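A structural walkthrough
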Amino acid sequence: MIPEKVRNYIKNNFKEGKVACLTGAGISAESGIPTFRGKGGLWERYDPEVYANTSGLISTLRTHPQDLANFIVDFYSLLLKAHPNPAHRALAILEKENILSSTITQNIDGLHRQAGSQNVIELHGNAFRIRCTQCSNTVVFEKDKLREMLELFKINKDSYIKILKVLSRYFPRCATCGLRYRIDIVLFGEILPQDELSRAYKHLNNCDVLLLIGSSLLVYPAAGLPLYAKEKGAKIIEVNNEPSALSGLCDYIITGRASEVLPEILGVLGYA
Ligand code: NAD
């Protein structure tokens, strides 16, 4: 599936610590988590402009609390069911073999870490963490606790007050500043965590090759990272089953599913 020219490039240029990657929703599609723009699934039932947006979520809580409870249950049920696929695992192997310096991801599903990657830069946060809205303390949202919360939503979803009670129980007030915790993901229009963004730039400064995997590259500032890497002299390889907004910038394109292409890259490098 990988064209000969690209195979040769990979063989000769994937050097120790000189490859970085930027992943998007497409890498997790085959783990059962629908992409934003793909057909079918969660985001056709729940408009991301409402459900991935702070003001949309707050007004849904006020006007249609049952819809919000249903969304939380559907969203987390999908994430809790998902497991890393061969693409996530291949990236973890490339990191272990010291080829890949870092995995920069726009995903919030935690699957890269679950697959064994250690140097993961989560530009848009992680759905399995909560964060204080004021002082940015973070706490892991344990999966058992999450499952318990979903069960409570299922039985209490008819009442605004009961939904608020469930929310306040699982998103408590911060012991340091007294403000409330929220899910630690970046919603539409919010600022990215600056420490994660700086780490991403640092890796891009040092990489010879950037792999773009399963992203439409329509969401900024994440989509600005390939442009930065290119300016710094990196070659760009895209792995996607369709062209992205930045395909024209890429030096090499591998058209296909991430879960097939990434293990093939391991094979080219002799790790399969
Ligand atoms: P996107 O939905 O805009 O685009 C998905 C991309 O993946 C498309 O280019 C599509 O062609 C490609 N794709 C689909 N299946 C693929 C496969 N099997 N192999 C390779 N490529 C495949 O996603 P995006 O660019 O990541 O941007 C959307 C935003 O949505 C991000 O900010 C992200 O935080 C968020 N999001 C995250 C998740 C997740 O955490 N898994 C899921 C949905 C959305």
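Here is a short report on the structure shown in this document. (Residues numbered from 1 in each chain as written. Predicted model: local features only at pLDDT ≥ 70, side-chain atom pairs only at ≥ 80, totals over all residues. Heavy atoms only, no water.)

Quick look at the packing of helix α1 (residues 4-13) against helix α13 (residues 258-268)
- Where α1 contacts α13, the two axes come as close as 9 Å, and the packing angle between them is 55 degrees. In this view, α1 runs oblique relative to α13, as classed from their interaxial angle. Considering how the two elements wind past one another, α1 and α13 form a crossing that is right-handed. Between α1 and α13, the residues in contact are Arg 7, Ile 10 and Lys 11 and Glu 264, Ile 265 and Val 268, respectively.
- In terms of residue class, the contact of α1 with α13 is built from three nonpolar, no polar and three charged. (Axes fitted to C-alpha atoms, helices over the stretch in contact; angles between N-to-C directions. Helix = DSSP H or I, 4+ residues; strand = E, 2+ residues; numbered from the N terminus. Parallel < 35°, antiparallel > 145°, perpendicular 65-115°, else oblique. Left-handed = near helix turned anticlockwise from the far one by under 90°. Contact = heavy atoms within 4.5 Å. Nonpolar A, V, L, I, M, F, W, Y, C, P; charged D, E, K, R; others polar.)

Re the packing of aromatic side chains
- Applying the stated criterion across every chain yields a total of 12 aromatic pairs.
- Ring geometry for Tyr 46 and Phe 71: centres 5.1 Å apart, planes at 65 degrees, overall edge-to-face. Taken together, the residues span a long stretch of sequence, with Tyr 46 in the loop between α3 (42-45) and α4 (48-51) and Phe 71 in helix α6 (residues 65-81) at a distance of 25 residues. As far as the burial class goes, Tyr 46 and Phe 71 line up, both buried. (Phe/Tyr/Trp six-rings, centres within 6.5 Å; stacked < 30°, edge-to-face > 60°. Buried < 20%, exposed > 50% of the residue type's maximum accessible area, 1.4 Å probe, protein only.)

Quick notes on the state of the cysteines
- What the rule picks out here adds up to zero disulfides.
- Cys 21 takes part in no disulfide bond, and the closest cysteine sulfur to it belongs to Cys 207, at a distance of 10 Å.
- No disulfide involves Cys 132; its sulfur sits 3.4 Å from that of Cys 177, the nearest cysteine. (Disulfide = S-S within 2.5 Å.)

Describing the site of the ligand
- The environment of the ligand is formed by 27 residues, the closest being Glu 30, Arg 37, Gln 106, Ser 216 and Asn 240.
- Between the ligand and Asn 241 there is a distance of 3.1 Å, counted from an oxygen atom to a side-chain nitrogen or oxygen.
- Starting from 850 Å² of accessible surface for the ligand in isolation, the protein chains cover 92%.
- Ranked by residue count, the leading element in the shell around the ligand is helix α2 (residues 26-29), at three residues.
- Taken together, the residues of the shell around the ligand break down into nine nonpolar, 13 polar and five charged. (Near = heavy atom within 4 Å. Polar contact = N/O pair within 3.5 Å; in protein donor to acceptor, adjacent residues only side chain to side chain. Areas by Shrake-Rupley, 256 points an atom, 1.4 Å probe, with all protein chains shown as cover.)

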